[in-house]
Amino acid sequence: MPSVRPRHVIHSHLVCADYDASYPEIVAGEGAYVIDRDGRRYLDASGCTAAVTNIGHGHPAVAAALARQAQTLAVHPTHVFHSEVLERYLGRLCAFAPEGFNRAWTICGGTEAIENAVKLAYQYHRAKGRTSRTRVLGRRGSYHGNSILALDVGGLKPRRDFYLGLMGGQHLHLSPCFPWRRPAELSEEAYEDSLIDEAAKVLAQHDDEVIAFLAEPVVGAALGAVAPTPRYFERMAALCREHDVLMIADEVMTGFGRTGRAFGCEHFGNHADILACAKGISGGYVPMGAVIAHDRVLEPIVRSGLPFQSGQTYSCIPLVAAVGEAVLDVIEDERLVEASARVGAHLHEGLCTLLDRRGVGDVRGLGMFLGVEFVQDEATKAPFEPALGVAKKVQAAALERGVVTYACRGTVEGTQGDHLLFAPPLVLSKGQADDIVDVLGASIDAVMATT
Ligand SMILES: Cc1ncc(COP(=O)(O)O)c(C=O)c1O
């Protein structure tokens, strides 16, 4: 691919994540590319940084559906009116989900999806007369969103710790299931046993206190596309059923074909009770999230007669429903779930050819959801010093060469380690996947030459 040097623009009015940074000015998107003001095309290997643009940028059918619905009726409250477009969409959404998920509603993003999923699980227990259940069982090395509750139930140390003073502190955090970084002396089976033992002890100690177990089927930004051991979720589900603890799958990144299945939990036996969705659900065309609930969750709530104790101005509005429906059309018509599995396997294979590069420790993931972890010492898996910012430097080197990647840190217990997350649009071609691999190889070489 041709080398490009981004044209830097200082943001004067934006509250930035990094006050000293400057960024290329972007003006358009087209399929797997985004385009800057000078007409330079960047191959989007990150799906708009964080696994959003599953159907690609600038899709005309979704843009048309958005405009049509905006002209017809953008918004109405669900406690006063219902609408055909909303009912049709929710039906389509439930049909797209695994068997038994027959009720859903939409909100504005992933954080709200997590908040609503936790509230729904809480209400499930309240409907059963249980008032002592106020704790969520999360995991370290997981990100579930940026509200105080989502940060609290999540376990991404660098983002969480700053707000500790605002958190209730009652939620519980298990170890992540991270097979590649398991203790060297444990086989994969023994490692899985140790995690299940840990969870069993916590659940026994907090019997009748836990609402739900919350986990990403494949951990995204926090760890870099880490899939669990094969029977981990099946065994966690058995434990959860023993204690009537609901399982919430955080499908915010892994849903809508990202991992080569409609939902990530489908790789691991479909044990979830509630699916929290966002990102790929609208492909970024409107801010959108959804909670999809299994019948077994709704049954006691409906029987209690108490409506779901939630609801926001933009819940279930026609505009969002029309976009969601158009996105599902694209996913189905263009067979993007299958494409994610097929082209994702090709990209995975290509990234694996970089394993012999200095600094590359692991390549992992499922479908079009892949991670590359950097290590200073391949034998011991010791990470680079955080101050070196290796992943950030590789990200910058790749951007200069025309490929957008997503650098993350805190791979090892939240404080050390870095990785890149790959989540390109599912419309990516095999040739474009090869371009990503070529650019990444050259970028890693360039960074390692000076590290
Ligand atoms: C797994 C996961 N859950 C939840 C969220 C929060 O989603 P949002 O940023 O749309 O609020 C994210 C965001 O990156 C995520 O990756």
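Rules behind the numbers
- Residue numbers run consecutively from 1 along every chain, following the written order of its sequence.
- Only residues with pLDDT of at least 70 are given local features in this predicted model, and only at 80 or more are side-chain atom pairs given and counted; all residues enter the totals for whole chains, interfaces and linings.
- Secondary structure elements follow DSSP: runs of H or I no shorter than four residues count as helices, runs of E no shorter than two count as strands, and numbering proceeds from the N terminus.
- Here the globule rule reads 2.2 Å times residues to the power 0.38, and the radius of gyration is calculated from C-alpha atoms.
- What counts as a contact here is a pair of residues whose C-beta atoms, placed from the backbone, lie within 7 Å.
- Residues are classed as near a molecule or strand if the C-beta position derived from their backbone is within 6 Å of it.
- Each residue is assigned to one of three groups, with Ala, Val, Leu, Ile, Met, Phe, Trp, Tyr, Cys and Pro labelled nonpolar, Asp, Glu, Lys and Arg labelled charged, and all others, Gly among them, labelled polar.
- A pair of strands is considered paired only if DSSP assigns at least 2 bridges between the two.
- Axis lines are fitted through C-alpha atoms, for helices just across the contact stretch, and the angle between N-to-C directions can take any value from 0 to 180 degrees.
- Domain start and end points were adopted from an automatic or database domain assignment.
- These descriptions rest on fixed angle ranges, namely under 35 degrees for roughly parallel, over 145 for roughly antiparallel, 65 to 115 for roughly perpendicular, and the rest for oblique.
- Crossings are assigned a handedness: left-handed for a near helix turned anticlockwise from the far helix by less than a right angle, right-handed for a clockwise turn.
- Buried Ala, Val, Leu, Ile, Met, Phe, Trp, Tyr and Cys residues form a nonpolar core when they are connected through C-beta atoms within 7 Å.
- Buried, partly exposed and exposed are defined by the number of other C-beta atoms within 10 Å of a residue's own C-beta, namely 20 or more, between the two limits, and 12 or fewer respectively, with C-beta atoms placed from the backbone.
- A helix is expected to reach a length of 1.5 Å times the quantity of its residues less one.

### Section: the overall build of the chain
Thought 1: Scanning the chain from N- to C-terminus turns up 13 helices and 17 strands.
Thought 2: For the chain, whose C-alpha radius of gyration is 22 Å, the value lies close to the compact-globule estimate of 22 Å for 451 residues.
Thought 3: For the chain, contacts bridging at least 24 residues in sequence account for 75% of all contacts bridging at least 6.

### A closer look at the site of the ligand
Thought 1: Around the ligand lies a shell of 15 residues, among which Gly 109, Gly 110, Thr 111, Gly 145 and Val 252 are the nearest.
Thought 2: When residues in the shell around the ligand are grouped by element, the largest group, three residues, is from helix H4 (residues 110-127).
Thought 3: For the shell around the ligand, a count of residues per class yields seven nonpolar, six polar and two charged.

### Considerations on the sheet that holds strand E6 (residues 101-107)
Pairing between the strands of a sheet comes from backbone hydrogen bonds, and it takes one of two forms, parallel or antiparallel.
Thought 1: Taken in spatial order, the seven strands make up an open sheet running E6-E12-E11-E10-E9-E7-E8, and their pairing is mixed. With partners counted over all chains shown, the strands left at the sheet margins are E6 and strand E8 (172-174), one partner each. Averaged over neighbouring strand pairs, the angle between their axes works out to 20° when direction is ignored.
Thought 2: Note that E6 and strand E12 (residues 289-294) share six bridges and pair antiparallel. Bridging from a neighbouring strand, Phe 101 pairs with His 294 of E12.

### Some words on the environment of Asp 20
Thought 1: The residue Asp 20 is located in the loop between strand E1 (8-9) and strand E2 (23-24) in this model.
Thought 2: Sequence separation between Asp 20 and Ala 127 is 107 residues, and the spatial gap between their C-alpha atoms is 51 Å.

### With respect to the pairing of strand E5 (residues 41-44)
Thought 1: Pairing between strand E4 (residues 33-36) and E5: three bridges, direction antiparallel. The residue bridging Ile 35 from the neighbouring strand is Arg 41, located in E5.
Thought 2: Count of turn residues in the E4/E5 antiparallel hairpin: four residues, of which Gly 39 carries a positive phi of about 85°.
Thought 3: Where E5 and strand E15 (residues 403-404) come together, two bridges link them in parallel fashion. The residue bridging Leu 43 from the neighbouring strand is Val 403, located in E15.

### Let's talk about the domain arrangement of the chain
Thought 1: Looking at the chain, the domain boundaries give domain 1 (8-55 + 335-448) and domain 2 (62-333).
Thought 2: On a C-alpha basis, the centroid separation for the pair domain 1 and domain 2 is 25 Å.
Thought 3: Facing 34 residues of domain 1, the contacting portion of domain 2 comprises 34 residues.
Thought 4: Where the side of domain 1 that touches domain 2 is concerned, the elements lending two or more residues are helix H1 (47-51), helix H11 (336-352), strand E13 (360-366), strand E14 (369-374), strand E16 (406-412) and strand E17 (416-422).
Thought 5: A class-by-class count of the residues in the side of domain 1 that touches domain 2 yields 17 nonpolar, 12 polar and five charged.

### With respect to the sheet that holds E13
Thought 1: A sheet is described by the order of its strands in space; here four strands give the open sequence E13-E14-E17-E16, paired in antiparallel fashion. Every interior strand has two partners, whereas the edge strands, E13 and E16, have only one. Within this sheet the neighbouring strands show an average axis-to-axis angle of 30°, counted without direction.
Thought 2: Bridging between E14 and E17 involves five bridges; their strand directions are antiparallel. Bridge pairing in E17 links Gly 371 to Leu 421.

### Digging into the packing of H4 against helix H9 (residues 295-304)
Thought 1: The geometry of H4 relative to H9 is characterised by a closest axis approach of 8 Å and an angle of 55° between their N-to-C directions. With respect to H9, the element H4 is oriented oblique. The hand of the H4/H9 crossing is left-handed. Every residue of H9 that contacts H4 at Leu 120, Gln 123, Tyr 124 and Ala 127 is listed here: Val 297, Pro 300, Ile 301 and Ser 304.

### Quick look at the nonpolar core
Thought 1: Of all hydrophobic cores here, the largest spans 139 residues; its most connected members are Ala 212, Ile 248, Ile 274, Ala 276, Val 291 and Val 323.
Thought 2: Looking at this core, the element that brings in the most residues is helix H10 (residues 318-333), giving eight residues.
Thought 3: Taken domain by domain, the makeup of this core includes at least three residues from each of domain 1 (8-55 + 335-448) and domain 2 (62-333).

### A few points about H4
Thought 1: In a regular helix each residue adds 1.5 Å, so 18 residues correspond to 26 Å; H4 covers 25 Å between its end C-alpha atoms and thus fits that length.
Thought 2: Positive backbone phi, approximately 80°, marks Gly 129, located one or two places after H4.

### Digging into the pairing of E16
Thought 1: Here E16 lies mainly inside the structure; seven of its seven residues are buried.
Thought 2: Bridge analysis of E16 against E17 gives five bridges, and the strand direction is antiparallel. Bridging across to E17, Arg 409 finds its partner in Asp 418.
Thought 3: Between the antiparallel neighbours E16 and E17 lie three residues, among them Glu 413 with a positive phi of about 50°.

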